[in-house]
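Chain residues, written in single-letter form:
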Amino acid sequence: MVLDRVLNAESVAIVGASKVDTKRGFQAIRTLLGQKFEGTIYPVNPKENMVQGLKCYQKVSEIEGPVDLALITTPAATIKSVLEDCGKKGVAGAVIIAGGFRELGAKGKELEQQVVTAAKETGVRLIGPNTSGMINLKSNMNLVGISNAPKGHIALLCQSGNMALTLITEATIRKHEGFTYYVGVGNESDIKFHEYLEFFRNDPDTKAILMYVEGMSEGRKFLQEAHKTSIKKP
């Protein structure tokens, strides 16, 4: 299943890697290093040679080793070309942080469609855009930056970064149960809620699935997967 390479990525390219500590491309690498991500980190920025002690690449396609996932922290207008480059490398998925898509109206909707088309042509699956990121607590792959998120057996799907922060903070304070994964679904432009449900249904470490949903694009498929899933886990 393609989502396995995305959500259980063993190598992550940080596109837009930066030496400026206020930039997402700096903070993401600092978090991965600080929380001891079990995989390989590849900073990507054509203007840098090294970032936080790691070799920096001009493009994802120039990275020597395999790349499962790209965290794209660059502006909306750059995403299409970045995805095309990721496709050349055989990247399985991309987390798109940028906003500026359909939530801004007709022009943004057109830009989002271009990004989705590029993803389909290259085979790169998308989380987002307009997402806070994702976390795999099993491998310490934290692409959000939340600190001290408790590990446990709940998978969290959320369309609000603030709501996710609230839920994770609540879990931290109460110390009852933690998480296997958190995914900021964002605009749900590519990977849909029902696909995440199928993945978490088959994940042996996930015992329950918690969702905050503001809207979904394929409700019938979601209901079908929800029925299959609720037989196995709540």
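Computed from a prediction, not measured in an experiment: that's the story for all the values here.

Participant: Honestly, the packing of helix α6 (residues 193-201) against helix α7 (residues 219-232) in this entry has me stumped. Any pointers?
Facilitator: If you want to describe how two helices pack, look at the angle between their axes and the distance between the axes. With their axes 8 Å apart at the nearest point, α6 and α7 run at an angle of 15 degrees to one another. When the axis of α6 is compared with that of α7, the two are roughly parallel. Where α6 crosses over α7, the two elements pack in a sense that is left-handed. Note on element contacts: α7 touches α6 through Lys-221, Phe-222, Glu-225, Ala-226, Lys-228, Thr-229 and Lys-232, opposite Phe-193, His-194, Leu-197, Glu-198 and Arg-201. Each residue belonging to the contact of α6 with α7 can be placed in one class, and the counts come to four nonpolar, two polar and six charged.

Participant: Explain the side chain of Asp-85 here, please?
Facilitator: Relative to the elements of secondary structure, Asp-85 occurs in helix α3 (residues 79-89). Despite its burial, Asp-85 remains without a salt bridge, the nearest opposite charge being carried by Lys-88 at 4.6 Å. Polar contacts involving the side chain of Asp-85 include one to the side chain of Ser-61, which spans 2.5 Å. In this structure Asp-85 touches Lys-59, Val-60 and Ser-61, once residues within four positions along its chain are discounted.

Participant: Help me understand helix α2 (residues 24-34), please; the structure alone is not making it clear to me.
Facilitator: Since one α-helical turn is 3.6 residues long, residues separated by three or four positions face the same way. Along α2, the residues classified as buried are Gly-25, Phe-26, Ala-28, Ile-29, Thr-31 and Leu-32. On its buried face, α2 sits against β1 (11-15), β2 (40-44), β3 (50-51), β4 (54-55), β5 (69-72) and β9 (141-142). One or two positions beyond α2, positive phi appears at Lys-36, with a value near 60 degrees.

Participant: Which parts of the structure should I look at to understand the environment of Ile-79?
Facilitator: Considering the arrangement of structural elements, one finds Ile-79 in helix α3. Look at Ile-79 and you get buried, because its relative accessible area is 0%. Dropping the residues within four chain positions of it, Ile-79 is found in contact with Ile-72, Thr-74, Ile-96, Phe-101 and Val-115.

Conventions used here
Residues numbered from 1 in each chain as written. Predicted model: local features only at pLDDT ≥ 70, side-chain atom pairs only at ≥ 80, totals over all residues. Heavy atoms only, no water. Axes fitted to C-alpha atoms, helices over the stretch in contact; angles between N-to-C directions. Helix = DSSP H or I, 4+ residues; strand = E, 2+ residues; numbered from the N terminus. Parallel < 35°, antiparallel > 145°, perpendicular 65-115°, else oblique. Left-handed = near helix turned anticlockwise from the far one by under 90°. Contact = heavy atoms within 4.5 Å. Nonpolar A, V, L, I, M, F, W, Y, C, P; charged D, E, K, R; others polar. Buried < 20%, exposed > 50% of the residue type's maximum accessible area, 1.4 Å probe, protein only. Lys, Arg positive; Asp, Glu negative; His and termini not counted. Salt bridge = Lys/Arg side-chain N within 4 Å of Asp/Glu carboxyl O. Polar contact = N/O pair within 3.5 Å; in protein donor to acceptor, adjacent residues only side chain to side chain.

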